[in-house]
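Results of the structural survey
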Amino acid sequence: MNIKRILPKVVARTVTGTGCVLLLSALSGVLPARANAQDASHHLGAGAFVSDQPLQELLKKRRPKGLIYLAVPQAIMVANEGGTKKTSCSPQIQLTNSSNQTLEELVVGIRYKKAGKTIGSTLSRFYLIKTGKQDMHFFPSVLDTSSCEETIGEAEVIQCLYDTGESCAQDVRALEYGAVPLKIQDKK
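Residues numbered from 1 in each chain as written. Predicted model: local features only at pLDDT ≥ 70, side-chain atom pairs only at ≥ 80, totals over all residues. Heavy atoms only, no water.

**As for the overall build of the protein**
Put simply, the rule reads: Only runs of H or I of at least four residues qualify as helices and only runs of E of at least two qualify as strands under DSSP, and these elements are numbered from the N terminus. Relative accessibility thresholds used throughout: buried, under 20% of the residue-type maximum; exposed, over 50%; partly exposed, between the two (1.4 Å probe, protein chains only). Throughout, a residue-residue contact means that at least one pair of heavy atoms, one from each residue, lies within 4.5 Å. Using the Shrake-Rupley algorithm and a 1.4 Å probe, accessible areas are obtained, with residue cover drawn only from the displayed protein chains.
Across its full length, the protein holds four helices and eight strands. Traced from its N-terminal end to its C-terminal end, the protein shows the element sequence α-α-α-α-β-β-β-β-β-β-β-β. Each of the 188 residues in the protein was classed as buried or not, and the buried ones make up 30%. In the protein, the proportion of contacts linking residues at least 24 apart, taken out of those at least 6 apart, comes to 65%. Of the roughly 12400 Å² of accessible surface on the protein, a fraction of 55% belongs to carbon and sulfur atoms.

Written as structure tokens, this is what we have:
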């Protein structure tokens, strides 16, 4: 190890000439003064708080979580059984986790309306959706209408949790695009 490269010239000469005892006394005089000057010049100051939590936990808490999108991108016309040729509409519910946190659980209720009249409802539960992934519920319900056109949906977030246990209800956004436009129902 090259002591002369690490320590100032005065300390290096002292170390090579007299030994370790002088090294410790020389370093005790040099390092605290340098450390105090560095702390005073640091933008956080000498009394800056340093957390003892793991880095991953700090990042999860400090970063904004992002959004969770709920949509009905398509609705399928379904023919009923039993000899009648009446068709019904079945919306497909899609959830996209655009947050930076795994979604533990989302329970959402959707009430479908057409011309102001309720034509059906569904309750969907999404479970363990990783960051950047999506899930779709196929044929969750059949609506009492012969056409999917002009149908709207009002979604209510019943429960939403990240895998950390934090609530994600405020991060859920309903999209007004797709086969059935959705909006989040105002809680009164």
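The structure having been displayed, the exposition proceeds.
**Describing the environment of Lys183**
Here Lys183 lies in strand 8 (residues 182-184). Once the C-alpha coordinates of Lys183 and Ile152 are considered, the two residues, 31 residues apart in sequence, prove to be 8.4 Å apart.

**Concerning the pairing of strand 1 (residues 68-79)**
Selection criterion: What makes two strands pair is DSSP finding at least two bridges between them.
In this structure, strand 1 lies alongside strand 2 (residues 87-97), joined through ten bridges in antiparallel fashion. Note on strand 2: the bridge partner recorded for Val78 is Ser88. By the bridge criterion, four bridges tie strand 1 to strand 7 (residues 172-178) in an arrangement that is parallel. The residue bridging Ile68 from the neighbouring strand is Val172, located in strand 7.

**Notes on the environment of Ser88**
Looking at the secondary structure, you find Ser88 in strand 2. Between the C-alpha atom of Ser88 and that of Cys148, which follows or precedes it by 60 residues, the distance is 7.9 Å. Discounting residues that sit within four places of it in the chain, Ser88 has contacts with Ile76, Met77, Val78, Asn80, Val142, Leu143 and Thr145.

**Some details on the state of the cysteines**
As a reminder of what qualifies: Disulfides are defined as pairs of cysteine sulfur atoms found within 2.5 Å of each other.
The final tally for this structure, using the stated rule, is two disulfides. Covalent S-S linkage joins Cys89 and Cys148, the inter-sulfur distance amounting to 2.1 Å. What sets the handedness of the Cys89 and Cys148 disulfide is the S-S torsion sign, and at about 120° it is right-handed. Residue Cys89 is located in strand 2, and its partner Cys148 is located in the loop between strand 5 (134-137) and strand 6 (151-162); the two are separated by 59 residues in the primary sequence.

**Side note on the sheet that holds strand 3 (residues 103-114)**
Going by this rule: Between N-to-C directions, angles span 0 to 180 degrees; the directions come from axes that are lines fitted to C-alpha atoms, helices contributing only their stretch in contact.
The four strands lie next to each other as 4-3-6-8, forming an open sheet whose pairing is mixed. Edge positions in the open sheet fall to strand 4 (117-129) and strand 8, since each of these has one partner strand only. Averaged over neighbouring strand pairs, the angle between their axes works out to 25° when direction is ignored. Across three bridges, the pairing between strand 6 and strand 8 is parallel. Bridge pairing in strand 8 places Glu154 opposite Lys183.

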